[in-house]
Amino acid sequence: MKILLLGSGGRECAIARKIRKSPRCEELYIAPGNGGTCSYGSNVPLSPLDFPAVLDFVLAKDIEMVVVGNEDPLVAGIRDFFAENAPKVLVVGPGKDGAALEGSKDFAKRFMARHNIPTARYQSFTKDDIDKAYTFLETLTPPYVLKADGLAAGKGVLIIDNLDEAKKSLREMLDGMFGASSATVVIEEFLSGIECSVFVLTDGNGGYRILPEAKDYKRIGEGDTGLNTGGMGAISPVPFATPEFMAKVEERIIKPTIEGLKAEGIDYRGFIFLGLINVKGEPMVIEYNVRMGDPETEVVMPRLASDLIDLLEGAARGDLAEIPAEADPRAAATVMVVSGGYPGSYPKGLPITGNLYPQGTILYHAGTKLTPNGTLLTSGGRVIAATSFGKDLPEALARSYRAVEGIEYDGKYYRRDIGQDVLS
Ligand code: AMP
Ligand code: GLY
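Residues numbered from 1 in each chain as written. Chains lettered and ligands numbered in written order. Predicted model: local features only at pLDDT ≥ 70, side-chain atom pairs only at ≥ 80, totals over all residues. Heavy atoms only, no water.

A. Representation of the environment of D392 within the structure. Note that D392 resides in the loop between strand 23 (382–390) and helix 12 (393–405). Given a relative accessible area of 32%, D392 falls into the partly exposed group. For D392 and A332, which are 60 residues apart along the polypeptide, the C-alpha to C-alpha distance reads 8.1 Å. Here the side chain of D392 touches E395 through a polar contact of 3.1 Å, landing on its backbone nitrogen. (Helix = DSSP H or I, 4+ residues; strand = E, 2+ residues; numbered from the N terminus. Buried < 20%, exposed > 50% of the residue type's maximum accessible area, 1.4 Å probe, protein only. Polar contact = N/O pair within 3.5 Å; in protein donor to acceptor, adjacent residues only side chain to side chain.)

Structural data, given as structure tokens:
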């Protein structure tokens, strides 16, 4: 099969590698890709948001399936664009209607309320009802959770300890702190517990497959301190995601989500990423995303033992129920090396040297760029994710850390405590 994958992060590098492993992969293109994806296919200098250019490329190369890695093109309606202009091309990812599960937190909360899916108590407000918003805040106990309704590059959630500060931040959000994305703000009850990510692939016909679960580490500092990042590492499996816990996730969250989408006429064909929190053994939804997680994909893809092309095609075509999704029982851990200064400002274009092909570890490139003369440079905040397997989590972590130590560039930083919270 000829496939085009859209995106340029560690997630896309992991998906590209897994597609390339399939005997069914005839041609793989990645747009725009990075310094690592070109090991698994051809990078194409196209923006995933330039739909007419993506379509021209797809038609010129006889591409049969487009896999959308990141949320922006989905929220902007790439699936709908292809349905209209090239209906024979398979697209993995929801249409604009389904992508609203990530594109609008208010829509996601209403959807969960309609289908009795467990989530934090909430209300949504615009500038016109700020007084009602203050009153609602006063009914909650701290900390206060304020969320920009729309996409905000992972930065739209504020968690604030003090009521007066929460009111002030609410005002600033409604005044445009995140542009149009925070014209509506969701205020919700704070949930206390440990988080994990569950990934489901679904086909619009009620068929779904649950992929290996993962836990990511969002803060820049050890012990989960400091600013939020895209994610500094991940592990899979997650020790507290026991069969009993996962059965609750499936019955209370996954099935009502799939059935709810169907009941509302949303033809959802793609990944659903459930950001969950374990509140005293009970799973609750923190958020939906309409794509895979990054860096969770860097542990989920290696643990997926089945053919990824079969699964993606089943989802896009609507017959996923026939296709297996087996998990490798070994533990996987990924450690992200990032640029000095990230998630604040950081330099780009620094040469990366050292051991870039460590034995027993996969280096998934994220923010890297290969120059025409073959030099590898940093080109983003998150640079490389080092993923290893082990018979258990400590062994997987030890291997990934050994590989991370062998990567060299100025200002290299990584967290040394990935996985420690679930081991202690
Ligand atoms: P989100 O962008 O919705 O994933 O939120 C970012 C992070 O904020 C989540 O991963 C959680 O760590 C935290 N968070 C969001 N909502 C809540 C909540 N209701 N209670 C506790 N923590 C939350
Ligand atoms: N690692 C969290 C995310 O991809 O949103």
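B. Region of the structure containing the pairing of strand 9 (residues 184–188). With respect to burial, strand 9 is a largely interior element, 5 of its 5 residues being buried. Going residue by residue along strand 9, you find T184, V186 and E188 tucked away on one face and V185 and I187 tucked away on the opposite face as well. As defined by bridge partners, strand 6 (residues 122–126) adjoins strand 9 across 5 bridges and the pair is classed as antiparallel. Bridge pairing in strand 9 places T126 opposite T184. Across 4 bridges, strand 7 (residues 144–148) lies against strand 9 in antiparallel orientation. (Pairing = 2+ DSSP bridges.)

C. Summary view of the site of ligand 1. The immediate surroundings of ligand 1 are formed by 14 residues, with E188, E189, L191, E195 and E287 found nearest. Between ligand 1 and K147, the relevant distance is 3.0 Å, taken from a nitrogen atom to a side-chain nitrogen or oxygen of the residue. Within the side chain of K218, a nitrogen or oxygen atom sits 3.4 Å from an oxygen atom of ligand 1. Taking 470 Å² as the accessible area of ligand 1 by itself, protein coverage stands at 88%. (Near = heavy atom within 4 Å. Areas by Shrake-Rupley, 256 points an atom, 1.4 Å probe, with all protein chains shown as cover.)

D. Molecular detail of the environment of M246. Among the secondary structure elements, M246 is positioned in helix 9 (residues 243–263). Between the alpha carbons of M246 and V198 there is a distance of 9.1 Å; along the sequence they are 48 residues apart. Apart from residues no more than four positions distant in its own chain, M246 is found in contact with V198, I210 and A241. (Contact = heavy atoms within 4.5 Å.)

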